[in-house]
Structures are given as C-alpha cells and as structure tokens.
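# Notes for the structure review
Chain residues, written in single-letter form:
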Amino acid sequence: MSQNSERLSWTSEEVDNYLKRIMNDIHENCVKYGTQADGYINYVKGANVAGFMKVANAMMAQGIV
C-alpha cells in the first residue's frame, strides 16, 4: 500500500526487511503487554493492549485527553 500511494518501487528484499521489522515490533509489543505472571504470553491480550496504548498515546499527544 505504501508503495502504491507514494508511487515507489521496492525490491523484494526491501519489502521482506520492512515486513520483518513490523512483525518483530508486533511481537515485542505482544510480549510487553501480554506476558502474564506465570510467564505465559497472551498474544491476543498483548495485541489489544498495544493497540489501545497506541491510540491513547496519540490522543494525549494531540491534547484530546
């Protein structure tokens, strides 16, 4: 989508590297927000909390909250 909207052409290596970086960030956020006391990682909870935090931080930065 980024390539189309910016009318860019990326190599397959660039696309793979970008996607790997995104997936690593998602995993790190899930671990950060979804790790439970017993060490189990609840990826659904982690993803939901990470999404909420992203929106909440953006609202705070805009002065809405």
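Model, not experiment: these values are computed from the prediction.

Rules behind the numbers
Residues numbered from 1 in each chain as written. Predicted model: local features only at pLDDT ≥ 70, side-chain atom pairs only at ≥ 80, totals over all residues. Heavy atoms only, no water. Helix = DSSP H or I, 4+ residues; strand = E, 2+ residues; numbered from the N terminus. Rg over C-alpha atoms; globule rule 2.2 N^0.38 Å. Contact = heavy atoms within 4.5 Å. Patch = residues over 30% accessible without salt bridge, like charges linked within 9 Å, V, L, I, M, F, W, Y side chains within 5 Å. Areas by Shrake-Rupley, 256 points an atom, 1.4 Å probe, with all protein chains shown as cover. Salt bridge = Lys/Arg side-chain N within 4 Å of Asp/Glu carboxyl O. 1 Å grid on protein atoms, 1.4 Å probe; cavity = no way out; pocket = protein on both sides within 12 Å on 5 of 7 lines; lining within 4 Å. Points joined across faces, edges and corners; volume = space filled by probe spheres on them. Nonpolar A, V, L, I, M, F, W, Y, C, P; charged D, E, K, R; others polar. Expected span 1.5 Å × (residues − 1). Buried < 20%, exposed > 50% of the residue type's maximum accessible area, 1.4 Å probe, protein only. Arc of directions from axis to C-beta.

### Regarding the overall build of the chain
In terms of helices and strands, the chain carries three helices and zero strands. Taken from N to C terminus, the helices and strands of the chain fall in the order α-α-α. A compact globule built from 65 residues would reach a C-alpha radius of gyration of about 11 Å, whereas the chain, at 16 Å, exceeds it by more than 25%. By principal-axis analysis of the C-alpha atoms, the chain measures approximately 45 × 35 × 15 Å.

### Some words on the environment of Gly46
Locating Gly46 in the fold gives a position in helix 3 (residues 43-61). As for Gly46 and Gln3, which are separated by 43 residues in sequence, their C-alpha atoms are 29 Å apart. If we ignore the near neighbours within four places in the chain, the residues touching Gly46 are Asn29, Cys30, Tyr33 and Gly34.

### What about a nonpolar patch on the surface?
A cluster of nonpolar side chains, namely Tyr18, Leu19, Ile22, Met23 and Ile26, defines an oily patch on the protein surface of about 450 Å² accessible area. Relative to the helices and strands, Leu19 resides in helix 2 (residues 12-34).

### Some points on the layout of surface pockets
Taken as a whole, the largest pocket spans an internal volume of roughly 210 Å³. Contributing to the lining of the largest pocket are 14 residues, with Asn29, Tyr33, Ala50, Gly51 and Lys54 lying nearest its centre. Looking at the lining of the largest pocket, the elements with two or more residues in it are helix 2 and helix 3. Among the residues making up the lining of the largest pocket, the classes are represented as seven nonpolar, four polar and three charged.

### Regarding helix 3
For helix 3, built from 19 residues, the straight-helix expectation of 27 Å at 1.5 Å per residue is met to within 8% by its first-to-last C-alpha distance of 27 Å. Looking only at helix 3, the buried set comprises Gly46, Ala50 and Ala56. Buried residues along helix 3 cover an arc of 135 degrees about the axis, so they all sit on one side. The outward face of helix 3, more than 90 degrees from its buried face, is lined by the exposed residues Val44, Asn48 and Phe52.

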